[in-house]
Amino acid sequence: MKKVVKFGGSSLASAEQFKKVGDIIRSDKTRRYVVPSAPGKRSSNDTKVTDMLYNCYNLAACEKEFTNLLDEIHARYQEIIKGLGLTLSLDKEFEVIQENFEKKIGRDYAASRGEYLNGIIMAAYLNFTFIDAAEVIRFDEDGNLDSEKTNDLLSLRLEGEKYAVIPGFYGAKEDGTITTFSRGGSDITGSLVARGVMADLYENWTDVSGFLIADPRIVQNPKSIETITYRELRELSYMGATVLHEDAIFPVRKVGIPVNIRNTNAPEDKGTLIVEGTCRQPKYTITGIAGKDGFASITVEKAMMNSEIGFCCKVLEVFERNGISIEHMPSGIDTMTIFVHKDTFEEKEQQVLAGIHKAVNPDHIELESDLALIAIVGRGMRSTRGTAGRIFSALAHAHINVKMIDQGSSELNIIVGVRHDDFKNAIRALYDIFVETQI
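Residues numbered from 1 in each chain as written. Predicted model: local features only at pLDDT ≥ 70, side-chain atom pairs only at ≥ 80, totals over all residues. Heavy atoms only, no water.

(A) Here's a closer look at the overall build of the chain. Helix and strand counts for the chain come out as 15 helices and 16 strands. Taking 439 residues into account, the globule formula puts the C-alpha radius of gyration at 22 Å, and the chain, at 24 Å, falls close to it. Taken over the C-alpha atoms alone, the chain extends approximately 75 × 50 × 40 Å along its principal axes. Classification of the 439 residues of the chain by burial places 52% in the buried group. Taking contacts inside the chain between residues at least 6 apart in sequence as the whole, the part at least 24 apart equals 75%. Across the chain, the mean location of the 52 positive side-chain charges is 5 Å away from that of the 63 negative side-chain charges. (Helix = DSSP H or I, 4+ residues; strand = E, 2+ residues; numbered from the N terminus. Rg over C-alpha atoms; globule rule 2.2 N^0.38 Å. Buried < 20%, exposed > 50% of the residue type's maximum accessible area, 1.4 Å probe, protein only. Contact = heavy atoms within 4.5 Å. Lys, Arg positive; Asp, Glu negative; His and termini not counted. Charge placed at Lys NZ, Arg CZ, Asp CG, Glu CD.)

(B) Representation of the packing of aromatic side chains. Taken as a whole and assessed by the stated rule, the structure comprises nine aromatic pairs. Ring centres of Phe18 and Tyr125 lie 6.4 Å apart, and the angle between their planes is 75°; this geometry places the pair in the edge-to-face category. Of this pair, Phe18 sits in helix α1 (residues 15-26) while Tyr125 sits in helix α5 (residues 107-126), and the two are 107 residues apart along the sequence. With a relative accessible area of 15%, Tyr125 lands in the buried category. When the ring of Tyr116 is compared with that of Phe130, the centres are 5.7 Å apart and the planes differ by 75°; the resulting orientation is edge-to-face. Within this pair, whereas Tyr116 is found in helix α5, its partner Phe130 is found in strand β3 (residues 129-130), the two being separated by 14 residues in sequence. Given a relative accessible area of 25%, Phe130 falls into the partly exposed group. (Phe/Tyr/Trp six-rings, centres within 6.5 Å; stacked < 30°, edge-to-face > 60°.)

(C) The arrangement of the packing of helix α3 (residues 67-83) against α5 in detail. The interhelical angle for the contact between α3 and α5, taken along N-to-C directions, is 15°, at an axis separation of 11 Å. With respect to α5, the axis of α3 lies roughly parallel. The interaxial crossing formed by α3 with α5 has right-handed handedness. For the pair formed by α3 and α5, the contact residues are Tyr77, Ile80 and Ile81 on the first element and Arg113, Gly114, Leu117, Asn118 and Ile121 on the second. In the contact of α3 with α5, the residues fall into five nonpolar, two polar and one charged. (Axes fitted to C-alpha atoms, helices over the stretch in contact; angles between N-to-C directions. Parallel < 35°, antiparallel > 145°, perpendicular 65-115°, else oblique. Left-handed = near helix turned anticlockwise from the far one by under 90°. Nonpolar A, V, L, I, M, F, W, Y, C, P; charged D, E, K, R; others polar.)

(D) Quick peek at helix α14 (residues 387-397). For α14, the set of buried residues is Thr387, Arg390, Ile391, Ala394 and Leu395. Seen from one end, α14 has its buried residues packed into an arc of 125°, which puts them on one side. Buried positions along α14 lie against β14 (364-377), β16 (413-419) and α15 (423-436). His399, located one to two residues past α14, shows a positive phi value of around 60°. (Arc of directions from axis to C-beta.)

(E) Summary view of the sheet that holds strand β13 (residues 335-341). Strand order in the open sheet formed by six strands is β12-β13-β11-β14-β16-β15, with antiparallel pairing between adjacent strands. The open sheet has two edge strands, β12 (326-328) and β15 (404-407), and neither has a second partner. Taken over all neighbouring pairs, the strand axes of this sheet differ in orientation by 40° on average, direction set aside. Summarising the sheet, β15 and β16 pair through four bridges and their orientation is antiparallel. Residue pairing for β16: Gln407 is matched across the bridge by Ile414. Lying over the sheet, helix α9 (residues 230-238) contacts β11 (288-301), β12, β14 and β16, oriented at roughly 65° with respect to β11. Sitting on the sheet, α15 touches β11, β14 and β16, and the angle it makes with β14 is about 40°. (Pairing = 2+ DSSP bridges.)

(F) Broad picture of the pattern of salt bridges. Summed over all chains, the structure comprises 22 salt bridges. Residues Glu203 and Arg31 are paired through a salt bridge, measuring 2.7 Å at the closest nitrogen-oxygen approach. Here Glu203 is found in strand β7 (residues 201-206), whereas its partner Arg31 is found in strand β2 (residues 31-36), with 172 residues between them in sequence. Arg217 is the partner of Asp215 in a salt bridge, and the nearest nitrogen-oxygen pair spans 2.8 Å. The class of Asp215 is partly exposed, set by a relative accessible area of 23%. Overlapping salt bridges bring together Lys3, Asp28, Arg31, Glu203 and Arg262 as one network. (Salt bridge = Lys/Arg side-chain N within 4 Å of Asp/Glu carboxyl O.)

(G) Structural context of the sheet that holds strand β8 (residues 227-229). Strand order in the open sheet made by the eight strands is β3-β4-β2-β1-β7-β9-β10-β8, with mixed pairing throughout. Two strands lie at the open edges of the sheet, namely β3 and β8, each paired on one side alone. Relative to strand β10 (residues 272-275), strand β9 (residues 259-263) runs antiparallel, the two being bridged by three bridges. When the bridges of β10 are listed, Asn260 appears paired with Leu273. α1 rests against β1 (3-7), β2 and β7 of the sheet, and its axis sits at about 170° to β1.

(H) Region of the structure containing the pairing of β9. Where burial is concerned, most of β9 is hidden: five out of the five residues are buried. Both faces of β9 are covered, namely the face carrying Val259, Ile261 and Asn263 and the face carrying Asn260 and Arg262. Sheet topology note: the β7/β9 ladder contains five bridges and is parallel. When the sheet's bridge partners are listed, Trp205 is paired in β9 with Arg262.

(I) Inspection of the side chain of Thr229 at higher detail. For Thr229, the location among the structural elements is in strand β8. Judged by its relative accessible area of 8%, Thr229 is buried. Those residues within four positions of Thr229 in sequence are excluded, and the remaining contacts are Ile274, Val275, Glu276, Gly277, Thr278 and Arg379.

Given below as structure tokens:
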């Protein structure tokens, strides 16, 4: 039995949190490979170490005094080391960091040092082998993850290591240039390590007990999700659910390794289990509700549009030429509507409108902004009649006008478009009808 465990920044923000993590790892000998993040906030008004490193490097890049801030970062780590009773010294590491900052070696290098240093401390605390992620996580020359090369490197390097610590968030190109994932990328590292060692389970420890059915900032005390499939998680992550980095799904999905989201501060909670497939019936018709704000819609109307070959293709090519990604595209016989991110569209608005007129000579174009998209996701929807009807009923009862509804062919999700002002009330209404009242 092999488990890979990843711990987020809030789980490693202080010596006290480190001790909780140590207890969790030592309580289960199958937790053999550890992926730590950089120290997060110790309180609401604190600063994450990664942000401190970014600020410090920015000062160095502008040739301003940066050593005082670097000393503050050093002190943060020293506080953790002292609290753990270790004799470890990071003086040499900070000397190298200072030299590289002076050489302006790069922002990715600066950001990666948070995980690198925390990995050294974690390895010393657990008496595990420390493996620099730069040795085993490989990026290509364009800064994209080389998944297969990474898997080969990890498999070979970890084959003889029974217990090891591999820092999250970063890797390196072939020439040794440090490269990072996007923020939250330690989740991806953990997934890659799990695949590399063919783990039985990937535990991702954070400050919440798994996924919640809805955003707790919108719905008060939402219920938790016990089991969710990779596909359901992908849909929810894309629409704003942020407990796990959305790209962390792919490495483990390829080989069917389940992921367990757990709470460092409540290790007795089972959390959420993410699996490829399951026979378990969900407690509710839906698995989760998630949404994003800040969309605009462009409705193109032309009589007999459906009989004009290549009409939709010509319209979409206009967006492609202007570098605008399309989110959804519901259509009718004589109309098609394109949903896009408002901020991106506004920059090229007039070019797009002129391009559509030139490409298809429409009868009318209508623009609408300040829209939100909400995804209702759940494998239980496939076997439940009337789900769309319940959605309309809930929103009508809350006096919310539906601007768009789009159901995927997989019957796994339904996307609803509403006005920005109705966004939160719509989520509350949907949660109420599917979870609270279960009408």
